[in-house]
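What the coordinates show
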Amino acid sequence: MERREGEETVVAENGSTQENPKDGSICGFDSLHRLLQASLSPQLFQEVSRMLLGLNCGKEVEPITLQRPIKALSSKHNFDLQAFSFSADRESLRGPRIVRVGLIQNSVALPTTAPFLNQREGIFQKLIPMIDAAGSSGVNILCLQEAWTMPFAFCTREKKWCEFAEQIDGESTSFLQQFAQKYNMVIISPILERDLNHGETLWNTAVIIGNHGNIIGKHRKNHIPRVGDFNESTYYMEGNTSHPVFETAYGKIAVNICYGRHHPLNWLAFGLNGAEIVFNPSATVGELSEPMWPIEARNAAIANSYFVGSINRVGTEVFPHPFTSGDGKPQHSNFGHFYGSSHFSAPDASCTPSLSRCKDGLLISDMDLNLCRQLKDKWGFRMTARYEVYSDLLARYMKQDFEPQVISDPLLHKSAQVLP
Ligand SMILES: NC(=O)NCCC(=O)O
């Protein structure tokens, strides 16, 4: 596997670019997978991959070869392109239910100092070849990253970034509807939403566009971070849409937006409502969350017997005015590196390698949705879950007079001399 030459550039405040100061690569490699592939013997690499990525129906998650024009698009527009296939066992009474799913991760197109209209238009233009590549590859369901129309400016606490907010049927939805229709593709579009009917309230929302270009519905981010520079509660409210599952032409899907992935009950709720694929469009940085990234979604896929598509944006976004976030760090002008690494996890604990840590990318995977029920039958997590015990605990916990169920060692409260 080729070693990268550190092509990524950081777009600085003044629009200048710094060549590869911290390009986000791992010692010049796009991803851990590629580093291992280049560093280990083929036999060792296969063993290590099996341990890291698991097995799907007893074998490695299979790579798919895409057609040459699709690969040409990725070379021309310099985005990572990877494709895989998860299979399921053959069943006697049901045919396979194979859907092709795509995830797009991207950096912003212009410096954050450019006029907002140009910034948004720049992202639209940058995404066109990636969406075309997905559509031409026959992707049925495509998901974009969190707040994809804008830089992730919520670190700044400056209110001017609210201008990027749009109505559900705003510019970005119109932009994507044409692709949904053209490619007969469901598109999940996570945006900053402005709700005109409710006093212009802002939300962090995923719009679900159906394969005919229709708007199926929306889901608003349930859990808002209050960690590090993620000052998102300055901008929008905790979602009020609960845990909807959208029944589409290609399966039952749901969206757990970014920080919601730290909440197992959030994942559970989408599962209880019958999701077969849950997308996790995110924006998160290496220093804060990278050790959690490969674990949380994969665990959710296992525990809830569904597929998960995890997406993280890419690159370093530099803002005009330095900020602090009350965490003792000196003032700074960027969030840190958004480490990409988008990937799919399956209910049988297998997962795909991740997209690049430093480059735009399109990840495609076929998945036989029959695997969800097969894993439910195998492990019986739904049947062994003892929900009644937890619902009772939660009901009691929510009461003002709740007392934790702690049984103390009586000896703890006796004086030391009674002990032998
Ligand atoms: N966008 C967002 O919610 N980020 C929070 C940081 C994290 O969850 O890793």
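Within an unreviewed UniProt entry, the label attached to the protein chain reads Beta-ureidopropionase, and the organism entered is Capsicum annuum. Looking at the Sequence similarities (unreviewed entry) heading of the UniProt record, one finds this comment for the protein chain: "Belongs to the carbon-nitrogen hydrolase superfamily. BUP family." Per UniProt, the protein chain has the following entry under Pathway (unreviewed entry): "Amino-acid biosynthesis; beta-alanine biosynthesis."

Tallying each qualifying case throughout the model produces 22 salt bridges. With a shortest N-O distance of 3.7 Å, E62 and K59 are connected by a salt bridge. Each of D30, R34 and D80 takes part in a single network of salt bridges with overlapping partners.

This next bit is on the site of the ligand. Taken together, the neighbourhood of the ligand is formed by 14 residues, with E146, K221, C258, H262 and T284 sitting nearest. In this structure, Y259 approaches the ligand through a main-chain N or O atom, which is 3.4 Å from an oxygen atom. Between the ligand and the protein, one listed contact pairs an oxygen atom with a side-chain N or O atom of H262 at 2.6 Å. Bound to the protein, the ligand loses 99% of the 280 Å² it would expose on its own.

Inspection of the secondary structure puts N304 in helix α8 (residues 293–304). Owing to a relative accessible area of 5%, N304 belongs among the buried residues under this scheme. With sequence-adjacent residues up to four places away left out, N304 is seen in contact with W267, L268 and R382.

With numbering aligned to this structure, UniProt lists the feature "domain: CN hydrolase" (unreviewed entry) at residues 99–369. What you have in residues 99–369 is 22% helix and 31% strand, and the ends, taken at the C-alpha atoms, are 7 Å apart.

Right, let's talk about the sheet that holds strand β6 (residues 141–143) for a bit. Spatial ordering of the open sheet is given by β3-β4-β17-β5-β6-β7-β8-β9, a layout of eight strands whose pairing is mixed. Of all the strands in the sheet, just β3 (62–63) and β9 (215–220) have a single pairing partner and so form its edges. The pairing of β6 with strand β7 (residues 186–195) spans three bridges and is classified as parallel. Across the sheet, L142 pairs through a bridge with I187, a residue of β7.

How each quantity is defined
Residues numbered from 1 in each chain as written. Predicted model: local features only at pLDDT ≥ 70, side-chain atom pairs only at ≥ 80, totals over all residues. Heavy atoms only, no water. UniProt positions renumbered as here; feature names shortened; annotations may be inferred. Salt bridge = Lys/Arg side-chain N within 4 Å of Asp/Glu carboxyl O. Near = heavy atom within 4 Å. Polar contact = N/O pair within 3.5 Å; in protein donor to acceptor, adjacent residues only side chain to side chain. Areas by Shrake-Rupley, 256 points an atom, 1.4 Å probe, with all protein chains shown as cover. Helix = DSSP H or I, 4+ residues; strand = E, 2+ residues; numbered from the N terminus. Buried < 20%, exposed > 50% of the residue type's maximum accessible area, 1.4 Å probe, protein only. Contact = heavy atoms within 4.5 Å. Pairing = 2+ DSSP bridges.

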